[in-house]
Amino acid sequence: MRNLKDQRKNRIQIKLHKRVSVKKSWIEEVCHRIAQILDLNKVEVSVFLTDDKTVQELNRTYRNKDKPTDVLSFPINERVGDWLLLGDIVISVDTAKRQASSFGHSFKEELKRLLVHGFIHLIGYDHELGGEEERKFFSLEEHVLKNLLEYT
């Protein structure tokens, strides 16, 4: 396992619009670990935790779906110098809390799941295409989640 210094080969920007019961430092650490598992180097990812209303507006504007959802990913994939701006992950705290309760696990566990899901979309996979693409997406998601067990 790489040390903490090696994990910092990536930049994670976090913005909290909605008050959450976890520390930004925990979210940042989980994101660094996800990037490490995915073997990402010199990427920048922005994470925005907000409410259902904001996510619904984004979902309506960018996906023509007028409803809230748990996570949205907005790939950028542009180089700025040596860095790759991978993109933005937006998570609805409201939906994440409901799903955590529904699935019988903690809010932190649900955030981990949603962060992984968002990262996999940012690196170019799309389960909504179905077939082999869907299988690859969920196989990679399962691999990353298994390797995140220590971050609870």
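These figures come from a predicted structure and were not determined experimentally.

Calculation notes
Residue numbers restart at each chain and count upward from 1, following the sequence in its written direction. For this predicted model, a pLDDT threshold of at least 70 governs which residues receive local features, and a threshold of 80 or more governs which side-chain atom pairs are given and counted, while totals over whole chains, interfaces and linings are taken from all residues. With hydrogens and water set aside, each side-chain value is computed from the structure's full complement of heavy atoms. Secondary structure elements follow DSSP: runs of H or I no shorter than four residues count as helices, runs of E no shorter than two count as strands, and numbering proceeds from the N terminus. For the radius of gyration, the atoms used are the C-alpha atoms, and the globule rule reads 2.2 Å times the number of residues raised to 0.38. Think of it in three bands: with a 1.4 Å probe and only protein chains considered, a residue is buried below 20% of the maximum accessible area for its type, exposed above 50%, and partly exposed in between. For this analysis, residues touch if any pair of their heavy atoms sits within 4.5 Å. In this tally Asp and Glu are treated as negative and Lys and Arg as positive; neither His nor the chain ends contributes. Positions of charges follow a simple convention, taking NZ of Lys, CZ of Arg, CG of Asp or CD of Glu. The pairing criterion for strands is at least two bridges between them, as found by DSSP. Orientation is described by axes fitted as lines to C-alpha atoms, over the contacting stretch for helices, and by angles from 0 to 180 degrees between their N-to-C directions.

Enquirer: Describe the overall build of the protein, with residues and values.
Expert: Scanning the protein from N- to C-terminus turns up 6 helices and 4 strands. When the helices and strands of the protein are read in sequence order from the N terminus, they spell out α-β-α-β-α-β-β-α-α-α. A globule of 152 residues ought to have a C-alpha radius of gyration of about 15 Å, and the protein, at 15 Å, matches this closely. Projected onto its principal axes, the C-alpha positions of the protein cover 40 × 30 × 30 Å. The buried share of the protein, reckoned over its 152 residues, is 45%. The long-range fraction of contacts in the protein, counting pairs at least 24 apart against all pairs at least 6 apart in sequence, stands at 64%. For the protein, the distance from the average site of its 26 positive side-chain charges to the average site of its 24 negative ones is 5 Å.

Enquirer: Give me the lowdown on unusual backbone geometry, citing residues and values where you can.
Expert: Backbone geometry follows two general trends: most residues other than glycine have a negative phi, and most peptide bonds adopt the trans configuration. Here the phi dihedral of Lys42 falls at roughly 60°; this positive angle occurs in a residue that is not glycine. By the element assignment, Lys42 lies in the loop between helix H2 (24-37) and strand S2 (43-50). We note that Asn64 has phi near 55°; this positive angle belongs to a residue other than glycine. If you trace the backbone, Asn64 turns up in the loop between helix H3 (52-63) and strand S3 (71-80). Accessibility expressed as a relative area gives 72% for Asn64, which makes it exposed.

Enquirer: Requested: an account of the sheet that holds strand S1 (residues 11-16), with residues and values cited.
Expert: An order of S1-S2-S4-S3 is seen for the 4 strands of this open sheet, with the pairing classed as mixed. Where the open sheet ends on each side, the last strands, each with one partner, are S1 and S3. Going from strand to strand, the sheet's axes swing by 15° on average, the running direction of each strand aside. The sheet contact formed by S1 and S2 spans 6 bridges and is parallel. Paired with Ile14 across the strands is Val47, a residue of S2. The strands that H2 touches are S1 and S2; relative to S1, the one it contacts most, it runs at about 145°.

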